[in-house]
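Architecture and fold: a report
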Amino acid sequence: MRTSGLSELEAVLAVARHRSFRAAAAELDVSTSALSHAVSALEGRIGARLFNRTTRSVALSEAGAQFVESISPALSTIRQAMEQAGSHSGVPTGTLRINTSTGAANQAMSLFIEYMRRYPQMNVDIVTESKLIDIVVEGFDAGIRLHESVPQDMIAIPLGLPLRLLVLGSPEYLARHPLPQTPSDLHQHRCIRLRMPTGRIYHWELSRHGQSLEVDVPGVLTLDEPSLVLEAARAGLGLAFISQWNAAADMAAGTLVPVLQDWTPPLDGLSLYYPGRRHVPAGLRALIELIRERGGQPL
């Protein structure tokens, strides 16, 4: 990589985001040694150590934290100016960074496949993680989450993808236990509980005819990954509360059976969201237009 100019500053921001030279090098498509050399060269020129490095961790120094806070807005402005100038060509170029969850990424993958076929000059960087982050601070152009989780100061566009959470059990489990008829019956069942990224145990949200309930279900198994919840339910370890999209193949095969269906109405679904700023990058603007073509509208 080049060892002067904006590339060094981008290198510092990438290492600060990832807290890792290896991960930052992968994002920038350079070798770890080249990235380390660029950062060291910049530290040498400004006369300050930006990162405290050990064999196991990388953390910003006090000077590094102040440096990153100072240069981030300026680099964002420069990137926007370059993208705005490049947008006059009529063909979006550059990199689009999206933060989302694993489940949402799987559900939205067809959208990104169509996007990349339509705009082959764009690079798309999708980062999946369970926890909800500040996409502006972490350097993302946009995020994709359940609409109810989108921060209020963001512009949200629904993806138009149906979403419904279902209570599901394997035929084996349901043969050994009476079918639940009401949410209160769940207290007599083994349920597979989900731990949220915050550490809180998720309470199953059920509703019918305007009545909404949050049920703190009992269970001897608690997991923090929906795919593991699905596997445990398939094995007959208990009832699970999981999206219809994730469980579609199991329901079609008969390995999982829905119950309490009148208590599990459709939800708002997933939304793309981004900051309400004056300039929207050309690549993100193209994605928004594609979503609108597919039926999504701003909320």
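First, a word on scope: everything that follows refers to the structure included in this document. (Residues numbered from 1 in each chain as written. Predicted model: local features only at pLDDT ≥ 70, side-chain atom pairs only at ≥ 80, totals over all residues. Heavy atoms only, no water.)

Before going further, it helps to spend a moment on the overall build of the chain. On a plain count of helices and strands, the chain comes out with nine helices and 14 strands. Over its C-alpha atoms, taken along the principal directions, the chain stretches across nearly 70 × 45 × 30 Å. For the chain, the proportion of its 299 residues judged to be buried stands at 38%. Working note: accessible area of the chain is about 15,900 Å², and carbon and sulfur atoms make up 52% of it. Charge-centre separation for the chain: the mean point of 27 positive side chains lies 3 Å from the mean point of 29 negative side chains. (Helix = DSSP H or I, 4+ residues; strand = E, 2+ residues; numbered from the N terminus. Buried < 20%, exposed > 50% of the residue type's maximum accessible area, 1.4 Å probe, protein only. Areas by Shrake-Rupley, 256 points an atom, 1.4 Å probe, with all protein chains shown as cover. Lys, Arg positive; Asp, Glu negative; His and termini not counted. Charge placed at Lys NZ, Arg CZ, Asp CG, Glu CD.)

Here the focus is the nonpolar core. Counting residues in each nonpolar core, the largest one holds 23 residues, and the members touching the most others are Ile98, Tyr115, Ile144, Leu159, Leu272, Leu284 and Leu287. When residues of this core are traced back to their parent elements, those giving at least two are strand S3 (94–100), helix H5 (102–118), strand S5 (142–146), strand S14 (270–275) and helix H9 (282–293). When residues in this core are grouped by element, the largest group, six residues, is from H9. With residues up to four places along the chain from it excluded, the contact list for Ile144 reads Ile98, Asn99, Thr100, Ser101, Ala104, Ala108, Phe112, Leu159, Leu270, Ser271, Leu272 and Tyr273. Counting residues in hydrophobic clusters, the runner-up holds 19 residues, among them Leu13, Val15, Ala24 and Ile71. (Core = buried A, V, L, I, M, F, W, Y, C linked by side-chain atoms within 4.5 Å. Contact = heavy atoms within 4.5 Å.)

A word on the sheet that holds strand S13 (residues 257–259). Spatial ordering of the open sheet is given by S12-S7-S13, a layout of three strands whose pairing is antiparallel. At either end of the open sheet lies a strand with only one pairing partner, and these are strand S12 (240–243) and S13. The average undirected angle you get between the axes of adjacent strands in this sheet is 55°. The sheet contact formed by strand S7 (residues 165–169) and S13 spans three bridges and is antiparallel. Residue pairing in the sheet places Val167 in a bridge with Val259 of S13. Packing of helix H8 (residues 244–253) onto the sheet brings it into contact with S7, S12 and S13, and relative to S12 it is tilted by some 105°. (Pairing = 2+ DSSP bridges. Axes fitted to C-alpha atoms, helices over the stretch in contact; angles between N-to-C directions.)

Ordered by their spatial adjacency, five strands build an open sheet running S4-S3-S5-S14-S6, and the pairing between neighbours is mixed. Edge strands, defined here as strands with exactly one partner in the open sheet, are strand S4 (122–128) and strand S6 (154–158). Sheet twist, expressed as the average angle between the axes of neighbouring strands with direction ignored, equals 25°. Pairing analysis gives four bridges linking S5 to S14, with the strands arranged antiparallel. Bridge pairing in S14 places Leu146 opposite Leu270. Against the sheet, H5 contacts S3, S4, S5 and S14, and its axis sits at roughly 175° relative to S4. Across the sheet, H9 touches S3, S4, S5, S6 and S14, and the angle it forms with S14 is around 150°.

Moving on to the packing of aromatic side chains. Under the defined criterion, the tally for this structure stands at four aromatic pairs. Centroid distance Tyr115 to Tyr119: 5.2 Å. Interplanar angle 55°. Geometry classified as tilted. The pair Tyr115 / Tyr119 is uniform in exposure class, with both members buried. Through pairs of rings, three or more aromatic residues link up here, namely Tyr202, Trp204 and Phe241. The ring of Phe140 has Arg97 sitting right over it, with the charged end atom 4.2 Å from the ring centre. (Phe/Tyr/Trp six-rings, centres within 6.5 Å; stacked < 30°, edge-to-face > 60°. Lys NZ or Arg CZ within 6 Å of the ring centre and 35° of its normal.)

Okay, the packing of helix H1 (residues 6–18) against helix H2 (residues 21–28) next. At a minimum axis distance of 8 Å, the contact between H1 and H2 shows a crossing angle of 125°. Looking at the two axes, H1 sits oblique to H2. As H1 packs across H2, the resulting crossing turns out to be right-handed. The segment H1 lies against H2, with Glu10, Ala11, Ala14, Val15, Arg17 and His18 engaging Phe21, Ala23, Ala24, Glu27 and Leu28. (Parallel < 35°, antiparallel > 145°, perpendicular 65-115°, else oblique. Left-handed = near helix turned anticlockwise from the far one by under 90°.)

Even without being a glycine, Arg19 presents a positive backbone phi close to 55°. Arg19 gets classed as partly exposed once you look at its relative accessible area, which sits at 44%. Backbone geometry at Leu260 places phi at a positive 55°, although glycine is not the residue there. Looking at the element boundaries, Leu260 is found in the loop between S13 and S14.

Shape descriptors only; they carry no functional weight alone.
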